[in-house]
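# Overview (structure and organization)
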Amino acid sequence: MEKILKRSEVDINQTWDLTTIFKNDEAWEVEFEKVSKEMEEISKYEESMTSNVDNLVKTLDLDDNLAQRLTVLYIYAHLKGDEDTGNSKYQEYNSKIMSLYSEYEAKSTFVKIKLLELSEEEVEKYFSDERLVKRKFEMEKLFKTKKHQLSQKEEELLANMSQISNTASKAFSMLNNADITFDEIENSKEEKLALNHARYGMYMESSDRILRENAYNSMYKTYRSLKNTFATTLEGQVLNHTTNAKLRKYPSARNAAVSSNFIDESVYDSLLSAVNDKLPELHKYVAFRKEQLGVDNLRMFDMYTSLVKELDLKFTYEEAKEIIIDALQVLGEEYVGLIKKAFDERWIDYAENEGKRSGAYSSGTYGTNPFILISWRGTLDNLFTLIHELGHSIHSYYTRNYQPYIYGHYTIFLAEVASITNELILSDYLIKKYADNNAVKAYIINHYLDQVKGTVFRQTQFAEFEYEIHKSVENGQPITAEYLSTIYENINKKFYGPDMTYDDNIRYEWARIPHFYYNFYVYQYATGMSAASAFAKKILNEGKPAVEKYINYLKSGASDYSLNILKTAGVDMNTNAPVYACLETFGEKLEELKKILKEI
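Thresholds, definitions, all that
Residues numbered from 1 in each chain as written. Predicted model: local features only at pLDDT ≥ 70, side-chain atom pairs only at ≥ 80, totals over all residues. Heavy atoms only, no water. Helix = DSSP H or I, 4+ residues; strand = E, 2+ residues; numbered from the N terminus. Contact = heavy atoms within 4.5 Å. Pairing = 2+ DSSP bridges. Axes fitted to C-alpha atoms, helices over the stretch in contact; angles between N-to-C directions. Buried < 20%, exposed > 50% of the residue type's maximum accessible area, 1.4 Å probe, protein only. Salt bridge = Lys/Arg side-chain N within 4 Å of Asp/Glu carboxyl O. Left-handed = near helix turned anticlockwise from the far one by under 90°. Nonpolar A, V, L, I, M, F, W, Y, C, P; charged D, E, K, R; others polar. Polar contact = N/O pair within 3.5 Å; in protein donor to acceptor, adjacent residues only side chain to side chain.

Let's shift gears to the environment of Glu 416. Structurally, Glu 416 can be placed in the loop between helix H17 (412–415) and helix H18 (417–433). Setting aside its immediate chain neighbours within four residues, Glu 416 contacts His 388 and His 392.

Looking now at the sheet that holds strand E4 (residues 361–363). Sheets are built from strands that pair by backbone hydrogen bonding, the pairs being arranged parallel or antiparallel. Strand order in the open sheet formed by three strands is E3-E5-E4, and the pairing between neighbours is mixed. Where the open sheet ends on each side, the last strands, each with one partner, are strand E3 (348–349) and E4. Sheet analysis places E4 next to strand E5 (residues 371–373), joined by three bridges and oriented antiparallel. Paired with Tyr 361 across the bridge in E5 is Leu 373. Contacting E3, E4 and E5, helix H16 (residues 380–402) runs over the sheet at an angle of about 155 degrees to E5.

A few words now on helix H14 (residues 317–327). Those residues of H14 that sit buried are Tyr 317, Ala 320, Lys 321, Ile 323, Ile 324, Ile 325 and Ala 327. Each element contacted by the buried residues of H14 is listed here: helix H15 (333–344), E3, H16 and H18.

In total, this model carries 39 salt bridges according to the counting rule given. Close ionic contact of Lys 80 with Glu 83 constitutes a salt bridge, the shortest N to O distance being 3.5 Å. In this pair, Lys 80 and Glu 83 both sit in helix H2 (residues 53–83), three residues apart, roughly one turn of the helix. Each member of the pair, Lys 80 together with Glu 83, is buried. Residue Lys 136 pairs with Glu 124 through a salt bridge whose shortest N-O separation is 3.8 Å. Of the two residues, Lys 136 sits in helix H5 (residues 136–144) while Glu 124 sits in helix H4 (residues 120–126), which places them twelve residues apart along the sequence. Residue Lys 136 is classed as partly exposed on the basis of its relative accessible area of 36%. For Glu 124, a relative accessible area of 47% gives the class partly exposed. Here the residues in one salt-bridge network are Arg 7, Lys 80, Glu 83, Asp 349 and Lys 356, joined through shared partners.

As a further point, take the packing of helix H19 (residues 438–474) against helix H20 (residues 481–496). Between H19 and H20, the shortest axis-to-axis distance is 10 Å and the interhelical angle comes to 145 degrees. Pair H19 / H20 crosses with right-handed handedness. Of the residues in H20, those in contact with Phe 457, Arg 458, Thr 460, Gln 461, Phe 462, Glu 464, Phe 465, Glu 468, Ile 469 and Ser 472 of H19 are Tyr 483, Leu 484, Ile 487, Tyr 488, Ile 491, Asn 492, Lys 494, Phe 495 and Tyr 496. In terms of residue class, the contact of H19 with H20 is made up of eleven nonpolar, four polar and four charged.

Looking now at the side chain of Lys 356. Assignment of secondary structure puts Lys 356 in the loop between E3 and E4. With relative accessibility at 12%, the residue Lys 356 sits in the buried group. Among the polar contacts made by the side chain of Lys 356, one reaches the main-chain carbonyl oxygen of Ala 351 at a distance of 2.7 Å. Setting aside its immediate chain neighbours within four residues, Lys 356 contacts Asp 82, Glu 83, Asp 84, Asp 349, Tyr 350, Ala 351, Leu 373, Ile 374 and Ser 375.

As structure tokens, then:
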């Protein structure tokens, strides 16, 4: 049995270099104390902030400086904590910085309020000053929210009520993650197996159909027994969204949610319309899955097991590095140079060690490298995950190096585009690399189909359900377990079509989905995949002109509205054309997979 190393035993070259943030823990502690003291300075400007342009400049610059330094402190603590989640020292660091951050937020709330109190004439006068002119777009966005801002007392009241208003979400999280238990199950060998959320996903991918069915039945037996409790928590969260929207004078909860990123509701509607129009492509996929698995009745628990044989295809980390560098040559010398920089300067922590946080992510902030956490196991999925996270990191690097602090980030609407674009470029590269190996080509195409199924079709299914239940509450409809289950069942049947054999279990799936507590978040997965598909196609077909536009998109950060940034780069998400194109490619790839599998 292979030994899992302690963090102290890991080769330093397999870890990220956090000394580029702070030389050591002592340096972090010194900065923490400095920021704690300097934070008090912000309060001095509460009365005089807008009395003249000099004070306004000093206040905003100080606010930026303190906010950025607090975030750098947080990033170091969070990354160190994830190296070994059992290390109590960094748990304490995380707790301390989160507490300090909350304290600063309370001290600096007056900044936004004072800005909103400025007249149009004062804004024009102050923000024409050369020291503030770069903030004009920031002010434009802020003033678009002005009619939805409440008085200072009302804002303070809502802030103080936030812990209460989030109770439904917290109750769901505790019940769904901490308290819920599932019956033990058996596989086809009659071996007893424990069931939890993590294992459920693994069991659904198993080739053992008896195991899949038993896990599925056990999972939904529990959710069915708790359906009324889960209906109550979900209703509470939806009421939180709709009440907040009403208090802030938004026409609906959905309008309030998408407006926070300055996205028009038509984008949401266009997504629903396009995906519903292309559901026949998903129905073809379901019919093919039924045929490929050789079952008389395809069930919902058959949707995640692989259609192709697992590949014994392994890559060392160095081999993965060379493949990624080679695959991304299409993005130009500058982009590839940054990929090499990520490897050479140890942005990536790929070691496996005891206590290391599971999963993968890209994380950093203005003034730090965009670090990546991953545990390298050498699989093809690992390769796709690494190039995905590098997409995030290079996007972050460009943004922070080409934008001032106030625009040195990007919205959630844009967040997944660069990462998925990298994955699609890798897919194209690998299909060409393994042109004579049908098994590898089938695996890669199947990976792509699963990605579109899960990211565009399934997330749009969730988005449609989320929209329906919010509309129901706004129209005075009580949200009961039966009502939720009926809506979910009808949408599920519409999406998966006539070749699926349905049962009563899947109608309770809504009860276990945390995304429904995220306030109209999930649609952005589908739009992100669609935009990435459009970018990848342009880059691969058009070359340099498309690449230049794409790199400019990566450099844009939050300097313009998200839809404008994408449109300037050549992808117009105000229309549903990118969604249609993505799903047409899905259909083409499905036919390609059918053909390859016949030849194997």
